[in-house]
Amino acid sequence: MVRDAEIETSIHRMLTPIFRAAGLTPEAVSIFLVQDDGVNAFVAGGQNIFVNTGLIIEARNADELMGVLAHETGHIAGGHLVRGQEMVERSKLIATIGSLLGAAAGAAAGRGDAAMAGAFTAQDMVRQNMVNFTRGIESSADQAGLRFLAQAGIPADGMLSFLKRMQDAELAHPRGSDYSRTHPLTADRIEAVQEAVDKSALRGGPVPPGYDDQFARMRAKLIGFTQPETVGRVYPASDTSLPAQYARAIGAYRRNVFADALGRTDALIKAEPRNPYFLELRGQILLETGRLAEARPYYERALALLPGEPQLLIPLAQTKIDRGSDAELRSAIRDLERASVDPETTLPIVWRLLGTAYGKTGDMGKASLALAEDNLARGDLPNARAQVARALQLLPRGSPGWRRAQDLQREAEDKPG
């Protein structure tokens, strides 16, 4: 996964009317960005929508992106994750019963081939049941997504155009696209969406104000970061739009042309002085080129506009740790603790920085606990177990940190390796 506050926030803001139409609490739904060129999105782990960077780059407009994500919202609202797990369990049962019946028939007839035939019949039944189930929930998610789009005042033209493009890709490449492999496309699905679009009063209408601009910015940002060599082709010199300028600034940074990147970022900040993401970009360029003292005020200005944003607190803490004074270290620790409220979603770098900051202040118990979190998150079990053992020795027995270390010890012991 890749974390980006601007893109996650933009997608969530655009989807909020759809969540409400689905009867979901918007704050309970999380958006995660997956750094993957595959054109795909999926739901997992409850009310979590995962969006591939490739989907945003491939989508032609906000309408298409909203169409795909309205479909994913349909999966959440329809409880398809739970139903899918139930279908898997039912299929296992069918396969087991089929195998047992086949074995019994083979034993009664004295023939091993009868048992084998029974097993194949059960497997065929399971496979067909799963195909029928998957097609059913995909159609159901389409219909739900269409309702949610209509209630949110968003035209469904994008859902239709996206499905048709994926169908064309599937026909051109028999193995299919990433999207069609995980969301089986059928003529019935596309015909149903076509019929709904034809009947909709919103057909051909605009998306809500601001959606196209937000989409254009997030797409430009991703192209700049993930495909910097294509920026000049996607955004020719004749394109003077702000998204094009954004892509060029990021592309220059990614190609290590730092003076040009800083100049272009200055122009973006001049155009929108209160845009926290432009300030963040300049801070990032300065931070990653070793100019931490110069980066700090840009992160501070961005945080003043987005108070408490973890993805701004983390680099700001880095600039404070670099200064090294006790006051700066304590301030960095406060920032990092605010960025690590939920251990399950905290980025490993937060734990590494906390380990460094606590170590510099002499709090070796908390330093070991933070490093245990970091190693466990990265899958380094030997070092995680060693740091947990050290934390349990150094932290006051019964303290919150000591209890967390116990949890980590159990987690580390339960993992293989």
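A quick note: this is a predicted structure, and the numbers were derived from the prediction, not measured.

A. The arrangement of the overall build of the chain in detail. When you go through the chain residue by residue, the secondary structure sums to 20 helices and 3 strands. Here the chain, with 417 residues, has 47% of them falling under the buried criterion. Of all intrachain contacts in the chain linking residues separated by at least 6 positions in sequence, the fraction that spans at least 24 positions is 59%. When the accessible surface of the chain is totalled, it reaches about 20,000 Å², and 53% of it is carbon and sulfur.

B. Geometry of the pattern of salt bridges. Counting across every chain of the model gives 22 salt bridges. Note that R189 is salt-bridged to D142, the shortest N-O span being 2.6 Å. You can see R189 sitting in helix α8 (residues 187-199) and its partner D142 sitting in helix α5 (residues 112-152), a full 47 residues away along the chain. The two residues R189 and D142 agree in class, both being buried. When the shortest N-O distance is used, the salt bridge between E272 and R217 registers 2.7 Å. One end of the pair, E272, is in the loop between α12 (258-271) and α13 (276-288); the other, R217, is in helix α9 (residues 211-226), and 55 residues separate them in sequence. Counted as one network, the salt bridges with shared partners bring together R296, E300, R323 and E328.

C. Region of interest: the packing of aromatic side chains. Tallied over the full model, the rule gives 6 aromatic pairs. Seen in terms of ring centroids, F42 and F50 are 5.0 Å apart; in terms of plane orientation they differ by 5 degrees. Their pairing is stacked. Residues Y253 and F258 carry aromatic rings whose centres are separated by 6.3 Å and whose planes lie at 50 degrees to one another, so their mutual orientation is tilted. Y253 sits in the buried class, given a relative accessible area of 7%. Of the aromatic side chains, those joined through ring pairs into one cluster are F32, F42 and F50.

D. Summary view of the environment of L381. For L381, the position within the fold is in helix α19 (residues 381-394). Take L381: its relative accessible area is 6%, and that puts it in the buried class.

E. Main features of the environment of D380. Tracing the sequence through the fold places D380 in the loop between α18 (364-377) and α19. Residues D380 and A412, 32 residues apart in the sequence, show an inter-C-alpha distance of 9.5 Å. At 2.8 Å, the side chain of D380 and the side chain of N383 are in polar contact.

F. Quick peek at the sheet that holds strand β3 (residues 48-52). Taken in spatial order, the 3 strands line up as β1-β3-β2 in an open sheet, and their pairing is mixed. Each having just a single partner strand, β1 (30-34) and β2 (41-43) make up the two edges of the open sheet. Neighbour-to-neighbour, the strand axes of the sheet open up by a mean angle of 20 degrees, direction not taken into account. Examined bridge by bridge, β2 and β3 share 3 bridges and lie antiparallel to one another. Counterpart to F42 in the pairing with β3 is F50. Sheet strands in contact with helix α3 (residues 62-77) are β2 and β3, and its direction is about 15 degrees off that of β2.

G. A look at the pairing of β1. Judged by how many residues are buried, β1 sits mostly within the fold: 4 of 5 residues are covered. Pairing of β1 with β3, which is carried by 5 bridges, proceeds in the parallel orientation. Considered in β3, the bridge of L33 is made with V51.

Parameters and conventions
- Residues numbered from 1 in each chain as written.
- Predicted model: local features only at pLDDT ≥ 70, side-chain atom pairs only at ≥ 80, totals over all residues.
- Heavy atoms only, no water.
- Helix = DSSP H or I, 4+ residues; strand = E, 2+ residues; numbered from the N terminus.
- Buried < 20%, exposed > 50% of the residue type's maximum accessible area, 1.4 Å probe, protein only.
- Contact = heavy atoms within 4.5 Å.
- Areas by Shrake-Rupley, 256 points an atom, 1.4 Å probe, with all protein chains shown as cover.
- Salt bridge = Lys/Arg side-chain N within 4 Å of Asp/Glu carboxyl O.
- Phe/Tyr/Trp six-rings, centres within 6.5 Å; stacked < 30°, edge-to-face > 60°.
- Polar contact = N/O pair within 3.5 Å; in protein donor to acceptor, adjacent residues only side chain to side chain.
- Pairing = 2+ DSSP bridges.
- Axes fitted to C-alpha atoms, helices over the stretch in contact; angles between N-to-C directions.

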